[in-house]
Amino acid sequence: MEAVSEILLFLALIWPFLAGGALVASVGPGANDGGEFRDNDTLRMPFSISGLVMSVLNLPFAIYLTIINASTTHFWLVETPLAVVGSVLLSVSLLTECACLRAEKYQKYQPLQYARPYWTTGLVIVAVFLADPFLKIATLLLASILSVVMTDRGQGRAVTGWMALRVKASGALLVLAGLLFPGPASGLLAGAGYAVLGGLFPVTAFPVENCDQKPADVRTVCATFRTAAGALLVAGSLAMHPLSVDGGIIFSTVFIGFGFVTLFVTTLRMQFLTPGYTVRWRQGYNLTQACLALAAVAAGLELPEVVCLALTAPTLTLPWFMSGKTKSDSVRTMRTVERLACLLPFVTVLIILYVMAPRSVAMMLALTIIVLPAIRRVGRDLLPTETT
Amino acid sequence: MTLALALLPFLALLTAFSGPAVLPALGLLTAISVVTLHHLNPALDTGRILFVAFVALVISIVPVWRLGAYAEQSEPARIPAALSLSLTLSVGVCMNLSAGEIFPFLSGVPVNPSAITTALMIVFAGLATLAVRPGIKFQLAGLLSACDGILLAAADTAQTHVVWLLGIGILFLAGAGSWLAQRLSLLSITSNRYEHDNP
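Everything numeric here is computed off the predicted structure, so don't read it as measured data.

1. Section: the overall build of chain B
- Each helix and strand in chain B was counted, giving 8 helices and 0 strands.
- For chain B, the succession of helices and strands along the chain, N to C, is α-α-α-α-α-α-α-α.
- A buried classification covers 47% of the 199 residues belonging to chain B.
- For chain B, contacts bridging at least 24 residues in sequence account for 77% of all contacts bridging at least 6.

Take a look at the structure:
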């Protein structure tokens with residue numbers, strides 16, 4: 001049984017890298033002889049689906065091994081059910097991105113650009129599974145560096161790359177300082193570092209795109225979201241198993257604080273959005289940001305399941321908000337996406353309120369007051385009104 | 001507390017002021033302090049100490065050498081803001097987080113407490129420069145000095161695999177950073193080349 005689970009885990013971890021390599025090979029040299037790239041649309045969907053299937057197959061094994069109290073440690077990896085759920089979420093994000101971009105046939109990229117989402121997501125998944133906190137943060141940093149190096153090769157992209165690298169590197173260095181420094185201050189430093197990596201308040205997850213008039217590239221936004229989500233998943237596991245007791249308490253407090261502030265700012269932004277044709281994707285951004293903040297609060301409350309639940313909504317819906325309306329997407333898809341985007345964060349807020357109530361009534365009331373007006377506004381903007 | 005360790009925070013503060021110019025000295029002092037740590041505490045593994053010293057020297061000398069031919073950007077230099085922020089953070093670290101008071105409780109760890117405090121001061125000074133100072137050369141210098149601080153702290157820990165890991169990660173980071181900096185900077189016209197073109 002354990003051997004099977006080890007093999008499956010290994011396959012699930014190695015798959016994104018193989019898939020990316022295969023995609024690069026499929027648009028390799030000679031593909032644009034006649035001025036046309038060979039189309040690898042037909043490959044991307046099956047690759048994402050098989051990646052998802054491999055991640056999902058790990059789930060029963062992880063649960064079984066946890067129930068019978070067997071060792072879930074394989075070499076440097078730990079296969080907890082929560083890590084598996086996190087990896088499933090990241091695979092689903094890849095799949096939704098492919099499903100959303102399936103219609104778009106005319107935009108062509110460099111060959112390496114096809115592999116980038118798979119390779120960076122593969123590194124983030126590895127970071128979620130690793131046992132050692134130093135290894136986790138080093139892998140996350142490596143994923144950010146890889147993403148920057150592969151995204152911003154083109155002309156005029158270096159400034160964006162440097163901005164992204166600057167933020168991610170400062171976050172990672174803060175986390176490393178926190179992990180290396182003994183004593184209670186380590187929680188403060190690590191918490192601040194993970195907040196920077198997860199795109200919480202002082203640095204928004206999507207800094208540049210918010211001021212533009214049109215949404216950014218779907219791939220870039222999804223990649224940014226996946227790294228931020230990976231950082232939050234890792235932070236959730238660090239909150240569950242802290243290095244020291246004092247540091248753990250401070251870490252949780254710092255994370256709840258950052259989550260609250262981010263939620264406050266984002267809900268304000270949601271309410272005072274000027275109506276217009278941009279309202280749809282702007283609310284999409286804001287919803288994603290709010291979900292990241294909810295995930296941070298859940299991580300601070302030491303509820304990794306709720307972290308996964310909070311990250312589910314943007315995972316499923318973000319690409320459709322960014323891509324705008326295309327003809328191939330049916331009305332039904334759009335309606336489903338909008339309903340999911342409104343319903344899942346609402347459920348998350350309810351669960352967090354439920355958990356928070358016995359701990360502190362004041363915080364619960366504060367959360368309700370912060371979130372309530374934004375829920376009304378988002379519902380009015382996104383949910384279709386029934387006109388009969 | 002050796003002389004090299006005492007000079008390190010001072011040099012890290014100078015990064016906010018003069019950027020890449022002090023970076024080689026900072027790297028050299030980091031390498032010397034790391035080797036001195038090994039001298040003070042022979043329980044640390046020799047190979048990893050040499051590796052840390054090597055990485056510190058590489059990340060502080062190679063980017064400066066490669067970026068030497070590029071011009072400074074003429075943006076408003078916010079030196080007072082950067083300097084005051086890094087000074088505040090460093091003094092705050094020194095007063096509130098001095099590791100010497102924590103360490104008597106954690107016996108058996110082969111660590112030098114003053115080195116950890118110094119490392120944290122360098123990291124904060126570097127991150128302040130990275131956050132506040134405009135101009136990519138200065139920001140890169142801040143990033144690399146923060147990396148120096150992390151290396152110094154990593155050389156102190158008991159776990160050996162951490163050192164190798166962080167060294168490799170920091171090498172990647174420095175490589176990507178200097179690649180981007182090189183693309184973002186303009187080549188400066190040196191007087192030498194100018195004379196060569198117009199004799």
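2. Focus on the overall build of chain A
- Helices and strands together make up the secondary structure of chain A, namely 13 helices and 2 strands.
- By residue count, 51% of the 388 residues in chain A fall in the buried class.
- Sequence separation of at least 24 residues holds for 74% of the intrachain contacts in chain A that already meet a minimum separation of 6.

3. Notes on the packing of helix H5 (residues 133–151) of chain A against helix H7 (residues 160–184) of chain B
- Remark: H5(A) packs on H7(B), axes separated minimally by 10 Å, with the N-to-C direction vectors making an angle of 15°. Of the possible angle classes, the one that applies to H5(A) and H7(B) is roughly parallel. Here H5(A) runs over H7(B); the crossing is left-handed. Together, Phe134(A), Leu135(A), Ala138(A), Leu141(A), Leu142(A), Ile145(A), Val148(A) and Val149(A) of H5(A) and Val162(B), Leu165(B), Leu166(B), Gly169(B), Phe172(B), Leu173(B) and Ala176(B) of H7(B) make up the contact between the two elements.
- Residue composition of the contact of H5(A) with H7(B), by class: 14 nonpolar, 1 polar and no charged.

4. A few points about the interface of chain B and chain A
- Listed as interface residues are 29 residues of chain B and, on the opposing side, 24 residues of chain A.
- Elements with a contribution of two residues or more to the side of chain B that touches chain A: helix H5 (113–132), helix H6 (136–156) and H7 of chain B.
- Here the element with the most residues in the side of chain B that touches chain A is H7(B); it accounts for 11 residues.
- Grouping the amino acids of the side of chain B that touches chain A by side-chain chemistry returns 24 nonpolar, 4 polar and 1 charged.

5. Details of the confidence of the model for chain B
- Here chain B shows a mean pLDDT of 80. Residues at 70 or above account for 83%.
- Here the predicted complex scores 0.87 on pTM and 0.87 on ipTM.

6. Brief notes about the nonpolar core
- One finds Leu232(A) and Ile150(B) to be the most contacted residues of the largest nonpolar core, which totals 188 residues.
- If you count residues domain by domain, this core takes at least three from each of domain 1 (1–131) and domain 2 (163–388) of chain A.
- Setting aside residues no more than four positions away along its own chain, Leu232(A) makes contact with Gly198(A), Leu292(A), Ala295(A), Ala296(A), Ala299(A), Val307(A) and Leu311(A).

7. Notes on the UniProt feature "transmembrane region" (unreviewed entry) in chain B
- Taken from the UniProt record, the annotation "transmembrane region" (unreviewed entry) applies to residues 49–67, 79–99, 111–131 and 161–181 of chain B.
- The span residues 49–67 of chain B is 100% helical and 0% strand by assignment, and the distance between its end C-alpha atoms comes to 28 Å.

8. Comments concerning unusual backbone geometry
- You will see that Glu302(A), though not glycine, has its phi angle at about 60°, which is positive.
- Relative to the elements of secondary structure, Glu302(A) occurs in the loop between helix H10 (279–300) and helix H11 (304–323).

9. Brief notes about the packing of H10(A) against H11(A)
All names here are of chain A.
- Interaxial distance between H10 and H11 falls to 9 Å at its minimum, and their mutual angle equals 165°. By the criterion of interaxial angle, the relationship of H10 to H11 is roughly antiparallel. Remark: the crossing between H10 and H11 carries left-handed chirality. In this structure, H10 uses Arg280, Trp281, Gly284, Leu287, Thr288, Cys291, Leu294, Ala295, Ala298 and Ala299 to contact H11, whose residues at the interface are Val306, Val307, Ala310, Leu311, Ala313, Pro314, Leu318, Phe321 and Met322.

10. Quick notes on the environment of Trp164(B)
All names here are of chain B.
- Here Trp164 is to be found in helix H7.
- By C-beta crowding, Trp164 is classed as partly exposed, having 15 other C-beta atoms within 10 Å.
- Separated by 102 residues in the primary sequence, Trp164 and Val62 have C-alpha atoms spaced 20 Å apart.
- For Trp164, the contacting residues outside a window of four places in its chain are Arg48 and Phe51.

11. Things to note about the environment of Ile170(B)
Residue and element names in this part refer to chain B.
- Tracing the backbone shows Ile170 in helix H7.
- Classification of Ile170 by C-beta neighbours within 10 Å gives buried; the count is 29.
- Along the sequence, Ile170 and Cys147 sit 23 residues apart, while their C-alpha atoms lie 6.7 Å from each other.
- Beyond its immediate chain neighbours, meaning those up to four positions away, Ile170 contacts Val55, Ile59, Cys147, Ile150 and Leu151.

12. Quick word on the domain arrangement of chain A
Residue and element names in this part refer to chain A.
- For chain A, the assigned domains are domain 1 (1–131) and domain 2 (163–388).
- Counting residues at the interface gives 18 residues for domain 1 and 23 residues for domain 2.
- Among the secondary structure elements, those contributing two or more residues to the side of domain 1 that touches domain 2 are helix H3 (81–101) and helix H4 (111–129).
- Take the side of domain 1 that touches domain 2: its biggest share by element is 11 residues, from H3.
- In terms of residue class, the side of domain 1 that touches domain 2 is built from 12 nonpolar, 5 polar and 1 charged.

13. Digging into the confidence of the model for chain A
- Confidence in the prediction for chain A averages 81 pLDDT; 86% of positions are at 70 or higher.
- When pLDDT is averaged over each element of chain A, H5(A) comes out on top at 88 and strand S1 (residues 73–74) of chain A at the bottom at 76.

14. Side note on H5(B)
- With 20 residues, H5(B) extends 29 Å from end C-alpha to end C-alpha; this agrees with the ideal 28 Å at 1.5 Å per step.
- The buried fraction of H5(B) is high, at 17 of 20 residues.

15. Some details on the environment of Cys308(A)
Residue and element names in this part refer to chain A.
- Locating Cys308 in the fold gives a position in helix H11.
- On the basis of neighbour count, Cys308 is assigned to the buried category, with 21 C-beta atoms found within 10 Å.
- Residue contacts for Cys308: discarding those within four places in its chain leaves Val85, Gly86 and Leu89.

Definitions and cut-offs
- Going along each chain's sequence as written, the residues are numbered from 1 onward.
- Throughout, the order in which chains and ligands are written sets their labels, letters from A for the former and numbers from 1 for the latter.
- The model is predicted, so local features are restricted to residues of pLDDT at least 70 and side-chain atom pairs to those at 80 or more, both for listing and for counting; the totals for chains, interfaces and linings are taken over all residues.
- Only DSSP runs of H or I covering at least 4 residues are called helices, and only runs of E covering at least 2 are called strands; the numbering of each starts at the N terminus.
- For every residue, the other C-beta atoms within 10 Å of its own C-beta are counted; 20 or more classify it as buried, 12 or fewer as exposed, and values in between as partly exposed. C-beta atoms are placed from the backbone.
- In this description, any two residues whose backbone-derived C-beta atoms lie within 7 Å of each other are considered to be in contact.
- Between the N-to-C directions of two axes lies an angle of 0 to 180 degrees, each axis being a line fitted to C-alpha atoms and, for a helix, fitted only over the stretch in contact.
- An angle counts as roughly parallel when it lies under 35 degrees, as roughly antiparallel when it exceeds 145, as roughly perpendicular when it falls between 65 and 115, and as oblique in every other case.
- The sense of a crossing depends on the near helix, which, turned anticlockwise from the far helix by less than a right angle, makes the crossing left-handed and, turned clockwise, makes it right-handed.
- As a working rule, the residues Ala, Val, Leu, Ile, Met, Phe, Trp, Tyr, Cys and Pro are called nonpolar, Asp, Glu, Lys and Arg charged, and the rest polar, with Gly in that last group.
- Per-residue confidence from the prediction method is given by pLDDT, with values spanning 0 to 100.
- The term nonpolar core means buried Ala, Val, Leu, Ile, Met, Phe, Trp, Tyr and Cys residues held together as one set by C-beta atoms within 7 Å.
- What marks off one domain from the next here is an automatic or database domain assignment.
- UniProt positions are given in the numbering used here, feature names are shortened, and annotations may be inferred rather than shown by experiment.
- To estimate how far a helix should reach, multiply one less than its number of residues by 1.5 Å.

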